[in-house]
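One-letter residues, chain by chain:
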Amino acid sequence: MAYKKLKLWFDEELAKMLADKIQPLHPEFNKRQFIQKVKKGVTPLELKDRVELMADLLQQNISKDFESSWNLLEQILGEENEKETGMFTEGYWIMPIAKFVEKYGLEDFDISMKAMEEITKRNTSEYTIRPFIEKYPIRTMKKMLRWSKNKNKHIRRLASEGCRPKLPWASKLQIFIDDPSPILPILENLKDDKSKYVQKSVANNLNDILKNNYPIAIDILKKWTNQNPTPSRKWIIKHALRNQLKQKNPAALEIVKRLSNQ
């Protein structure tokens, strides 16, 4: 993937790529119409709207039945990403499929959860999951708690990244700004994760919580510091406190001092 603005990858060329993958599995798919509508529609649009346009056109050109559409789209996802990078490079083209699940799968909880697992192994479902958290908060967070113990690092990361109160490029999850307690068991499960990819997400989630629920987050970080922390946890704690350290917050400085002495 040569360098250019991410939004510019969602264009006529990507429409052709998707159509070439879909048509052998679904001969009725109108490849020419799909490509033409993408070409005509994306030019004035920014990234998120380009992705949504392509998701809408997939829905219009495959099937109005979500399960049938997903069964087809799952077949074109390709190999899982074994690395901790590449979701916005090698896997960028899956973003319209993730948006398709987000927008058209909200009434099909179980199918959509499975879809998000498969998508996030290759791209990400951190945005896709958020409407499900808002519509089915208890049910979705139970699922994400199970994901936090999954053997796949991408799924474990989704457990944390998807419920960040202030995820960039996404709407805020006011439910967790008001009360972050449902997130905490997930972070507890991930506090010693060996994947740097997961560690960054846990730290960023705690950084979000510090902004609106400082006492809760700082107490967690103090507790983790007092529990003979692993190298992974030490990194998470320090990264979570990065903004507090810039502000020379006394509690943050004390935590880092204690970590350095352990």
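Residues numbered from 1 in each chain as written. Predicted model: local features only at pLDDT ≥ 70, side-chain atom pairs only at ≥ 80, totals over all residues. Heavy atoms only, no water.

(A) Broad picture of the overall build of the chain. Looking only at helices and strands, one finds 16 helices and zero strands in the chain. Over its C-alpha trace the chain gives a radius of gyration of 20 Å, about what one expects of a compact globule, namely 18 Å for 262 residues. Taking the principal axes of its C-alpha atoms as reference, the chain extends roughly 65 × 40 × 30 Å. Out of the 262 residues belonging to the chain, those deemed buried represent 53%. Taking as baseline every contact in the chain between residues at least 6 positions apart, the subset at least 24 positions apart corresponds to 69%. Summing over all exposed atoms, the chain offers an accessible surface of approximately 12,700 Å²; the carbon and sulfur share of this is 51%. (Helix = DSSP H or I, 4+ residues; strand = E, 2+ residues; numbered from the N terminus. Rg over C-alpha atoms; globule rule 2.2 N^0.38 Å. Buried < 20%, exposed > 50% of the residue type's maximum accessible area, 1.4 Å probe, protein only. Contact = heavy atoms within 4.5 Å. Areas by Shrake-Rupley, 256 points an atom, 1.4 Å probe, with all protein chains shown as cover.)

(B) Representation of the packing of aromatic side chains in the model. Per the stated rule, a full pass over the model turns up eight aromatic pairs. One cation-aromatic arrangement involves Lys21 over Trp93; the distance from NZ or CZ to the ring centre is 4.6 Å. (Phe/Tyr/Trp six-rings, centres within 6.5 Å; stacked < 30°, edge-to-face > 60°. Lys NZ or Arg CZ within 6 Å of the ring centre and 35° of its normal.)

(C) Structural context of the environment of Lys211. Among the secondary structure elements, Lys211 is positioned in helix H12 (residues 196-212). As for Lys211 and Asn243, which are separated by 32 residues in sequence, their C-alpha atoms are 9.6 Å apart. Beyond its immediate stretch of four places on either side in the chain, Lys211 contacts Lys166 and Asn243.

(D) Up close: the side chain of Glu118. Among the secondary structure elements, Glu118 is positioned in helix H6 (residues 109-120). A polar contact is formed between the side chain of Glu118 and the side chain of Lys114, at a distance of 3.1 Å. Setting aside chain neighbours within four positions, we find Glu118 in contact with Trp70, Glu74 and Leu77. (Polar contact = N/O pair within 3.5 Å; in protein donor to acceptor, adjacent residues only side chain to side chain.)

(E) Summary view of the environment of Trp147. With respect to the helices, strands and loops of the structure, Trp147 is situated in helix H8 (residues 137-147). Aside from chain neighbours lying at most four places away, what touches Trp147 is Met113, Met116, Glu117, Ile129, Ile155, Arg156, Leu158 and Ala159.

(F) View of the packing of helix H4 (residues 66-74) against H6. H6 packs onto H4 with a crossing angle of 20° between their chain directions and a minimal axis gap of 11 Å. The pairing of H4 with H6 is recorded here as roughly parallel in orientation. Regarding H4 and H6, the two cross each other, and that crossing is left-handed. Across from Phe66, Glu67, Trp70 and Glu74 in H4, the residues of H6 making contact are Ile111, Ser112, Ala115, Glu118 and Ile119. Grouping the constituent residues of the contact of H4 with H6 by class yields five nonpolar, one polar and three charged. (Axes fitted to C-alpha atoms, helices over the stretch in contact; angles between N-to-C directions. Parallel < 35°, antiparallel > 145°, perpendicular 65-115°, else oblique. Left-handed = near helix turned anticlockwise from the far one by under 90°. Nonpolar A, V, L, I, M, F, W, Y, C, P; charged D, E, K, R; others polar.)

(G) Region of interest: the nonpolar core. Counting residues in hydrophobic clusters, the biggest one holds 76 residues, and the most contacted among them are Phe10, Phe34 and Ile97. The greatest single-element share of this core, amounting to seven residues, is contributed by helix H3 (residues 47-61). In contact with Ile97, not counting residues within four places along its chain, are Leu58, Trp70, Leu73, Ile76, Leu77 and Ile119. (Core = buried A, V, L, I, M, F, W, Y, C linked by side-chain atoms within 4.5 Å.)

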